[in-house]
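Chain and residue survey
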Amino acid sequence: MAAIKNWGLLLLAAYLLFSLHPNGILASDTKEVLALRPKPTPAVISPVNTSNSDNRLIIPAIGLDTKIVPTGLGPDGLQVVPDKIPGWYALDSKPGERGNAVLVGHTPGIFSKIINLKPGDKIYADGATYEVTKNVLYTVSNFPTSDIYGPSNDFNLIMITCTGISGRTVVFSNRILTPR
């Protein structure tokens, strides 16, 4: 019985030590995962067509054509979300590079329609072409921080927006690679 009580106190202490961030993600998760990430390595694939597409996000299926701006971490340790345009997490892979390129945008706002994206829809980001693989609604308590901000050997573009107070829509896509 004493062991169960001690275990309960240990769990309570751990919860208080790593208390939930207001958005439901453990505040320590993002920083720890980002610290473990290797520096992105440029892809060895066909060159990215950057003519007229640098720093742009184009999603024909939802009629989106907009600029992308670099962002970093705010004082709370979370990725900064710009007000009117998508932000690319500049401390990580850039769209077109190997790894997870993470874009964030507001709903209502620039990312309001990403909930309508379906597997197979095309996304053009910074001259690279991606294909949507899945569109998932997560609660803040099951948000896959390490899958999104963790290391990857693939060429991924991940877009995130809020869905109500307690949800996050996450669109996963893979770069379409062309042989040399």
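Refer to the structure above for everything that follows.
In this text the structure is predicted, and so the values were computed from the model without any measurement. (Residues numbered from 1 in each chain as written. Predicted model: local features only at pLDDT ≥ 70, side-chain atom pairs only at ≥ 80, totals over all residues. Heavy atoms only, no water.)

**Comments concerning the packing of aromatic side chains**
Using the following cut-off: Geometry of aromatic contacts follows a simple scheme: Phe, Tyr and Trp rings, the Trp one being its six-membered ring, pair when their centres are within 6.5 Å, and the pair is stacked under 30 degrees between planes, edge-to-face over 60, tilted otherwise. Runs of H or I in DSSP of at least four residues are treated as helices and runs of E of at least two as strands, each being numbered from the N terminus. Buried means the residue's accessible area, taken with a 1.4 Å probe over protein chains only, is under 20% of the maximum for its type, while exposed means over 50%, and partly exposed covers the values in between. We call a charge positioned above a ring when the Lys NZ or Arg CZ atom is no farther than 6 Å from the ring centre and deviates by at most 35 degrees from the ring normal.
As enumerated under the stated definition, the model contains two aromatic pairs in all. Ring centres of Tyr89 and Tyr149 lie 5.8 Å apart, and the angle between their planes is 85 degrees; on these two criteria the pair is classed as edge-to-face. Taken as a pair, Tyr89 in strand β4 (residues 87–89) and Tyr149 in helix α3 (residues 145–149) lie far apart in primary sequence, 60 residues in all. The pair Tyr89 / Tyr149 is uniform in exposure class, with both members buried. Taking the centre distance of 6.4 Å and the plane angle of 75 degrees together, the rings of Tyr138 and Phe143 count as edge-to-face. Since its relative accessible area comes to 12%, Phe143 is described here as buried. Between Lys134 and the ring centre of Phe172, over which it is positioned, the NZ or CZ distance is 4.8 Å.

**Thoughts on unusual backbone geometry**
A cis geometry characterises the amide bond from Thr107 onward to Pro108, with omega recorded as 0 degrees. Counting through the fold element by element, Pro108 comes out in the loop between β5 (99–104) and β6 (122–125). Of note, the phi angle at Asp126 is positive, near 55 degrees, even though the residue is not glycine. With respect to the helices and strands, the residue Asp126 is situated in the loop between β6 and β7 (128–139).

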